[in-house]
Amino acid sequence: MTLPPDNEVSFKDSVNLSFDLARATLEIPDGMAQYIRNVNNVYQVRFPVKINGKIETFIGWRAVHSDHKLPAKGGIRFAPQVNQNEVEALAALMSYKCALVDVPFGGSKGGLLIDPRKYDRESMEKITRRFAFELIQKDYIGSGTNVPAPDMGTGQREMAWIASTYNSYRPGDINHLACVTGKPVSMGGIQGRVEATGRGVVFGLREFFRTPGDVEKAGLDGGLEGKKIIVQGLGNVGYYTAKILQEEDGAKIIGVLEYNGGLMDPNGLNVEEVYRYKVDNQGFEGYPGNGEFVPDSSVLLEEECDILIPAAMEAVINQENAGRIQAKIIAEAANGPVTFAAEAILQEKGVVSIPDVYLNAGGVTVSYFEWIKNLSHIRFGRMQKRYDEGKSEKLIQAIEGTGHKVPQALKEQICRGSEEIDLVRSGLDDTMRQAWQDIRERFWTNDSIHSYRIAAMSIAIEKIHNSYRTMGVYP
Ligand code: NAD
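About the cut-offs
Residues numbered from 1 in each chain as written. Predicted model: local features only at pLDDT ≥ 70, side-chain atom pairs only at ≥ 80, totals over all residues. Heavy atoms only, no water. Helix = DSSP H or I, 4+ residues; strand = E, 2+ residues; numbered from the N terminus. Rg over C-alpha atoms; globule rule 2.2 N^0.38 Å. Contact = heavy atoms within 4.5 Å. Areas by Shrake-Rupley, 256 points an atom, 1.4 Å probe, with all protein chains shown as cover. Lys, Arg positive; Asp, Glu negative; His and termini not counted. Charge placed at Lys NZ, Arg CZ, Asp CG, Glu CD. Near = heavy atom within 4 Å. Polar contact = N/O pair within 3.5 Å; in protein donor to acceptor, adjacent residues only side chain to side chain. Pairing = 2+ DSSP bridges. Axes fitted to C-alpha atoms, helices over the stretch in contact; angles between N-to-C directions. Buried < 20%, exposed > 50% of the residue type's maximum accessible area, 1.4 Å probe, protein only.

### What to know about the overall build of the protein chain
Alright, step 1. Of regular secondary structure, the protein chain possesses 16 helices and 12 strands.
Alright, step 2. Computed over its C-alpha atoms, the radius of gyration of the protein chain comes to 23 Å, within 12% of the 23 Å expected for a compact globule of 475 residues.
Alright, step 3. Taking all contacts inside the protein chain whose residues are at least 6 apart in sequence as the whole, residues at least 24 apart take part in 70%.
Alright, step 4. Carbon together with sulfur atoms contributes 50% to the accessible area of the protein chain, which is approximately 20200 Å² in total.
Alright, step 5. Side-chain charges in the protein chain split into 53 positive and 62 negative, and the spacing between the mean points of these groups amounts to 6 Å.

Here it is in structure tokens:
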């Protein structure tokens, strides 16, 4: 794996340097800008858990970057290399992301230093529940204060344990299910949350390809169909992104990269098949289908393609390898995959980055829908589905009454009331389209803004600043 060079600034500094560039395009008092830029509070906890008869100590963090809107929102990451700096950087990105896509949350993030691959299910449950208890005790979890979600190394299973732990410590809280999002549907989760970040990436890319000026800037033309795509990290975000791009948009997934090797085929790989193989065999080595197995997958980031989608972790494109990247577009599905220094090199080469702060916002957007569902205690669509169907049927009857026959397939389409999944996808699509239009307008109309990232950040900072102003923090 290509590690960032020693002189590369940290993830948090990368985020803050982007903040500084964006802030310079806005009229914000210095003191206020400093306040918005810095993390408001961070809790570090050490706790013991008995595993196989032995006591092990774990260390974790929950950072709140901003609480101009409550609850603060952000995932919990379980990873062997997580640290406070990383958690703070991720919390800051959450603040900007939520503001950008108009999700009314502050920004937060959590991390637990652990290699989840080394523990069985029973041990993971004990560790997760204990970590959740520590956070609940200090008010770092609660439907009105701080609401975690899945991130790298966590998923529905961990969110269910957190919700259940919260419920046992706050039994009278009628809104207890809203204390965490990304839960299984059977436990108050929402249809479409598991795929949400990946589907949001696809909605973002579709909107990009709908605007010829942006596509031209990247040196491409046409739509997503047939575009050659490499995806790094076939986990939650990478898998759904690749699968939807292949199955719904006709894109060609020519490379999939994991930490222990990658698969490459210029004619395209079958995402579903390689993913199933990866899950069963903990990697791509020995895959019997088409594609060449490359043990050091990081070299595949440098292969020629139209779109490179880093969907694993931060700083994978850095000063060391940025000069060799041949992709036309880097679609940042992961958080912070391109370092600040690498961004400058890529810009010089004409590579277009669609920034993380926008592109992976689908997860928190659908988390917002789940939180609303939990607070309103009703599934989306329950009240209006049959009503809408009845109205559409009457409309069809009226049309057919004039002697015009409506084809059966069209009739079924028109008369089908919306399910929760339809509403979730529609809300997500609308959010991603609107945010991209805001970003591109800021980018194309402001001479001092030279990247979509800085355009996105400047919108976000402006909105957060306006919140504080409205609140009366200063006149
Ligand atoms: P995940 O744990 O489900 O998947 C990550 C995948 O990347 C795994 O398959 C892992 O093996 C692989 N990986 C790890 N290191 C790698 C390396 N060096 N090279 C290649 N592959 C590597 O995590 P996820 O939830 O899909 O998150 C991925 C990224 O997306 C993270 O940056 C996360 O912060 C970001 N993100 C996730 C969500 C979400 O809803 N899950 C939302 C927004 C952003």
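Having seen the model, we can carry on.
### Quick word on the site of the ligand
Alright, step 1. Taken together, 25 residues are adjacent to the ligand, and Arg77, Asp151, Thr197, Glu258 and Asn335 come closest.
Alright, step 2. Between the ligand and Arg77, the relevant distance is 2.9 Å, taken from an oxygen atom to a side-chain nitrogen or oxygen of the residue.
Alright, step 3. Of all the secondary-structure elements, those providing two or more residues to the shell around the ligand are helix H8 (236-249) and strand S7 (252-258).

### So, the sheet that holds strand S5 (residues 146-150)
Alright, step 1. Overall, mixed pairing links the five strands, which are arranged S1-S2-S4-S3-S5 in an open sheet. Two strands bound the open sheet, and with one partner strand each, they are strand S1 (41-51) and S5. Strand-to-strand twist across the sheet, computed as the mean angle between neighbouring axes with direction ignored, equals 25°.

### Quick notes on unusual backbone geometry
Alright, step 1. Following Leu70, the chain continues into Pro71 via a peptide bond in cis, with omega recorded as 5°.
Alright, step 2. Notably, Ala315 is not glycine yet its phi reads approximately 60°, a positive angle.
Alright, step 3. Relative to the elements of secondary structure, Ala315 occurs in the loop between strand S10 (307-310) and strand S11 (329-331).
Alright, step 4. Using a relative accessible area of 16% as the deciding quantity, one classes Ala315 as buried.
Alright, step 5. With phi around 60°, His377 is a residue other than glycine that occupies positive phi space.
Alright, step 6. Considering the arrangement of structural elements, one finds His377 in the loop between helix H12 (362-376) and helix H13 (385-401).

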